[in-house]
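Chain by chain, the residues run as shown.
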Amino acid sequence: MRIAFIGLGNMGAPMARNLLKAGYQLNLFDLNQGVLAELSAMGGQISTSPKDAAATADAVITMLPAAAHVRSVYLNEDGVLAGIRAGTPTLDCSTIDPQTARQVSEAAKAKGVDLGDAPVSGGTGGAAAGTLTFMVGASDALFTAFKPVLAHMGRNIVHCGGVGTGQIAKICNNLLLGISMIGVSEAMALGDALGIDTQVLAGIINSSTGRCWSSDTYNPWPGVIDTAPAARGYTGGFGAELMLKDLGLATEAARQAHQPVIMGAVAQQLYQAMSLRGEGGKDFSAIVEGYRRRME
Ligand code: NAD
């Protein structure tokens, strides 16, 4: 099977590597020549445009930064839809707004192409290890066609519903994650300020009703979880800038749906302030630094 893989960045490159290792033939396209050279050395074939990559492919996967890139890669003159054969299963794994996912899918449908959305969670570590979660918004037939392919890149492959629902699942989850990290930061900092040992406090929270992933796996307070970014200066996790992007998608989707996301909007502003301070490259759990009286 020959797959066109377009967008070979921090996530796309390790995902493509896993497909090459699994024996798929890949048509590769990215604006970055360096990554193309590296992946062609592993057996991938370099294409000259998204159109060229799609023309000879049995399936197409894209992994791009944001909605504008998805639009251009699919809809431009040299885009995927200009070259693709009708009936070719196609999946966009980028995290974008559900509205754009549905619009581009409609444009694909007009060419006889079934295009679904499958944003991921699990980060660059999960992409390298092949343990990503895929949240798939697609027809039953498209989900069935892609499931064996996705199984080489992920461990948890969930069919969320029709087109756009993968993006909805992703942005709702990250809305909650962004908020819960701030809640845990606030509780840990208050406990510290009032004089409880933060290890004891974390232990209580993690066996009580306040427990959540932000407290028991990724606690922002240094010294609580050895494997969390807080233990290594908030490096090498999920960047605050990416959290800010996802909260922007959630609040914009909410605006279009006339749905209030009050806590999400506050969270977005706190990460925005972090970005303004030049800390957008740190892991998002560094949001706790805004609450701490003394830096250790
Ligand atoms: P990235 O910026 O590292 O990679 C994007 C790649 O797309 C780059 O190689 C870039 O050159 C390429 N690109 C941009 N415009 C292009 C075009 N017109 N044609 C071809 N290639 C083009 O981004 P990433 O970290 O790989 O993230 C990709 C998507 O996955 C984003 O939507 C992101 O929100 C989402 N995501 C990222 C993570 C993470 O931890 N990095 C986790 C989950 C989801």
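Cut-offs used in this document
- Residues numbered from 1 in each chain as written.
- Predicted model: local features only at pLDDT ≥ 70, side-chain atom pairs only at ≥ 80, totals over all residues.
- Heavy atoms only, no water.
- Near = heavy atom within 4 Å.
- Polar contact = N/O pair within 3.5 Å; in protein donor to acceptor, adjacent residues only side chain to side chain.
- Areas by Shrake-Rupley, 256 points an atom, 1.4 Å probe, with all protein chains shown as cover.
- 1 Å grid on protein atoms, 1.4 Å probe; cavity = no way out; pocket = protein on both sides within 12 Å on 5 of 7 lines; lining within 4 Å.
- Sits in = over half its atoms within 2 Å of the grid points.
- Helix = DSSP H or I, 4+ residues; strand = E, 2+ residues; numbered from the N terminus.
- Nonpolar A, V, L, I, M, F, W, Y, C, P; charged D, E, K, R; others polar.
- Domains from an automatic or database assignment.
- Points joined across faces, edges and corners; volume = space filled by probe spheres on them.
- Contact = heavy atoms within 4.5 Å.
- Buried area = accessible area lost by both parts, 1.4 Å probe.
- Salt bridge = Lys/Arg side-chain N within 4 Å of Asp/Glu carboxyl O.
- Buried < 20%, exposed > 50% of the residue type's maximum accessible area, 1.4 Å probe, protein only.
- Arc of directions from axis to C-beta.
- Pairing = 2+ DSSP bridges.
- Right-handed = clockwise from strand over helix to strand, strands pointing away.

Another point: the site of the ligand. Within the structure, the ligand sits among 21 residues, and N10, M11, D30, P65 and K245 are positioned closest to it. One nitrogen or oxygen atom from the main chain of T95 is found 2.9 Å from an oxygen atom belonging to the ligand. Relative to its free-state accessible area of 840 Å², the ligand is covered by the protein chains to the extent of 83%. Given that more than half its atoms are within 2 Å of the pocket grid, the ligand belongs to the largest pocket. For the shell around the ligand, the secondary structure elements donating two or more residues are helix 4 (67-75), helix 7 (123-129) and helix 12 (240-256). Looking at the shell around the ligand, its residues break down into 10 nonpolar, 8 polar and 3 charged. For the shell around the ligand, the two domains that each supply at least three residues are domain 1 (2-163) and domain 2 (168-295).

So, about empty space enclosed by the protein. A complete count under the given rule lists 1 cavity of 30 Å³ or more for this structure. Empty space within the largest cavity amounts to approximately 40 Å³. The wall of the largest cavity is formed by V70, D92, A101, V104, L115, G116 and D117. Elements represented by at least two residues in the lining of the largest cavity include exactly helix 6 (98-109) and strand 6 (115-117). Ranked by residues supplied to the lining of the largest cavity, first place goes to strand 6 with 3 residues. Residue classes in the lining of the largest cavity are distributed as 4 nonpolar, 1 polar and 2 charged.

If you check the domain split of the protein, you get domain 1 (2-163) and domain 2 (168-295). One C-alpha centre belongs to domain 1, the other to domain 2; they are set 30 Å apart. Between domain 1 and domain 2, the residue contacts involve 13 residues of the former and 9 residues of the latter. The largest contributions to the domain 1 side of the interface with domain 2 come from T95, P98 and Q99, which together make up 49% of the buried area. Our count for the domain 1 to domain 2 interface comes out at 0 salt bridges. One can count 4 residue pairs in polar contact (both at pLDDT 80 or more) joining domain 1 with domain 2.

This next bit is on helix 4. A67, V70, V73 and Y74 are the residues of helix 4 that are buried. Viewed end-on, helix 4 has its buried residues packed into an arc of 130°, placing them on one side of the element.

With that settled, the discussion passes to the pairing of strand 1 (residues 2-6). Most of strand 1 is tucked away, with 5 of its 5 residues classed as buried. Burial along strand 1 is two-sided: R2, A4 and I6 and I3 and F5, pointing in opposite directions, are all buried. In this structure, strand 1 lies alongside strand 2 (residues 25-29), joined through 5 bridges in parallel fashion. If you follow A4 over to strand 2, its bridge partner there is N27. Handedness of the crossover is the feature at issue here: the chain leaves strand 1, passes through helix 1 (residues 12-21), returns alongside strand 2, and the resulting connection is right-handed.

Taken together, the buried positions of helix 10 (residues 198-206) are occupied by T198, L201, A202 and I205. With its buried residues spanning 100° around the axis, helix 10 presents them on a single face. Each element contacted by the buried residues of helix 10 is listed here: helix 9 (165-194) and helix 11 (213-216).

To continue, consider the layout of surface pockets. Any empty space left between the atoms is revealed when a probe the size of a water molecule rolls over them. Of the volumes computed, that of the largest pocket is approximately 1,300 Å³. In terms of lining, the largest pocket is formed by 45 residues, of which the most central are M11, M63, T95, F238 and L242. Listed by contribution, the elements that provide at least two residues to the lining of the largest pocket are helix 4, strand 7 (120-121), helix 7, helix 9 and helix 12. Here the lining of the largest pocket gets 4 residues from one element, more than from any other, and that element is helix 9. Its residues assigned to classes, the lining of the largest pocket comprises 19 nonpolar, 20 polar and 6 charged. Summarising the domain contributions, the lining of the largest pocket has at least three residues from each of domain 1 (2-163) and domain 2 (168-295). In this structure, the second largest pocket occupies an estimated 190 Å³ of space. Around the second largest pocket sit P98, Q99, I168, I171, C172, L175, A250, A253, A254, A257, Q259 and V261, which together line it.

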